[in-house]
Amino acid sequence: MTMNDSSWSDRALRDFITRIRDLDFGMHLGEDERDGFIRQAEVRLVPEVRRRVLAEIGATIDAHGVASVAFETLEQETWGKRHTWLMVTTDPWAFLTDLVTDEVRGAYKASARSRADAKRLKGIAEASPRAELMPTPEAVEVGETGERDDVEEEDPVA
């Protein structure tokens, strides 16, 4: 199946989805077929995914990356109920846009949670009196006297 750069119809998308399903039976997807889908996704769904993610999350995202996620989403949904809906809905591009937006949103939320956890852990370490949680010497600021603020004088008698 050869797909050119003209705008794919809903039927052409469904044919491509069926072709991806054939991969489970040992068929091979040509690089030109994958690249053709990526170009279509960049035109047909990336602008809307970008708009939604920017409006909902405030993050900017890469067009080619979003199109690649769209392809991966089609691969993941080869046999599920979402595949069935992609095949029967009157607007498969819109449904695929929804699926990709959900994937990107979920990835952002998982990533944002990881960054927030790292900040919390850093705060815990900074507040802890335990030496193994204390910041490294390079991270400690020098006070007005020129000495490190976090070092307590050791008792020479002890």
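So, how was this worked out
Every chain's residues receive numbers from 1 upward, in the order its sequence appears when written. Local features are withheld for residues below a pLDDT of 70 in this predicted model, meaning they are given only at 70 or higher, and side-chain atom pairs are given and counted only at 80 or more; totals for whole chains, interfaces and linings count all residues. Only hydrogens and water are set aside when side-chain values are computed; all heavy atoms of the structure are taken into account. Strands are runs of DSSP state E lasting at least 2 residues, helices are runs of H or I lasting at least 4, and numbering of each runs from the N terminus. Every helix has an expected span of 1.5 Å times one less than the residues it contains. Only protein chains enter the area calculation, which uses a 1.4 Å probe; residues under 20% of their type maximum are buried, those over 50% are exposed, and those in between are partly exposed. Aromatic rings from Phe, Tyr and Trp, with only the six-membered ring used for Trp, were paired whenever their centres fell within 6.5 Å, and each pair was classed as stacked if the ring planes differed by under 30 degrees, edge-to-face if by over 60, and tilted otherwise. For a lysine, the NZ atom is tested; for an arginine, the CZ atom; a charge sits over a ring if that atom is within 6 Å of the ring centre and within 35 degrees of the ring normal. What makes a nonpolar core is a set of buried Ala, Val, Leu, Ile, Met, Phe, Trp, Tyr and Cys residues whose side-chain atoms join them at distances within 4.5 Å. Should any heavy atoms of two residues lie within 4.5 Å, those residues are counted as being in contact. When a carboxyl oxygen of Asp or Glu is within 4 Å of a side-chain nitrogen of Lys or Arg, the pair counts as a salt bridge.

Novice: Outline helix H2 (residues 31–44), listing residues and values.
Specialist: Between its first and last C-alpha atoms H2 spans 20 Å; for 14 residues at 1.5 Å apiece the expected length is 20 Å, and the two agree. Here H2 has its buried residues at Glu33, Gly36, Phe37, Ile38, Gln40 and Ala41.

Novice: Can you break down the packing of aromatic side chains residue by residue, with the values?
Specialist: According to the stated counting rule, one finds 7 aromatic pairs in the structure shown. A network of ring pairs unites the aromatic residues Trp8, Phe16, Phe37, Phe71 and Trp93 as a single cluster. When the ring centre of Phe71 is taken as origin, the NZ or CZ atom of Arg34, which lies over that ring, is 4.9 Å away.

Novice: I'd like to hear about the nonpolar core, residue by residue, with values.
Specialist: Phe37, Leu45, Val49, Leu74, Leu96 and Val100 are the most contacted members of the largest nonpolar core, which has 28 residues in total. Contributing elements (two or more residues each) for this core: helix H1 (10–22), H2, helix H3 (46–56), helix H4 (63–76) and helix H6 (92–127). If we skip the residues at most four places from it in the chain, Val49 touches Ile61, Val66, Thr97, Val100, Thr101 and Val104.

Novice: A description of the environment of Ile20 should follow, citing residues and the corresponding values.
Specialist: Along the chain, the position of Ile20 falls in helix H1. Ile20 gets classed as buried once you look at its relative accessible area, which sits at 4%. Distance in space between the C-alpha atoms of Ile20 and Leu74 is 7.7 Å, their sequence separation being 54 residues. Discounting residues that sit within four places of it in the chain, Ile20 has contacts with Phe71, Leu74, Glu75 and Thr78.

Novice: Run through the pattern of salt bridges, naming residues and quoting values.
Specialist: Two side chains bearing opposite charge may form a pair once their charged atoms approach each other closely. Tallying each qualifying case throughout the model produces 7 salt bridges. Across the pair Asp98 and Arg52 runs a salt bridge, and its minimum N-O distance is 2.7 Å. Here Arg52 lies in helix H3 and Asp98 lies in helix H6, a separation of 46 residues in the sequence. Among the residues examined, Arg52 registers a relative accessible area of 19% and is labelled buried. Here the salt bridges share partners, and the residues they tie into one network are Glu48, Arg51, Arg52 and Asp98.

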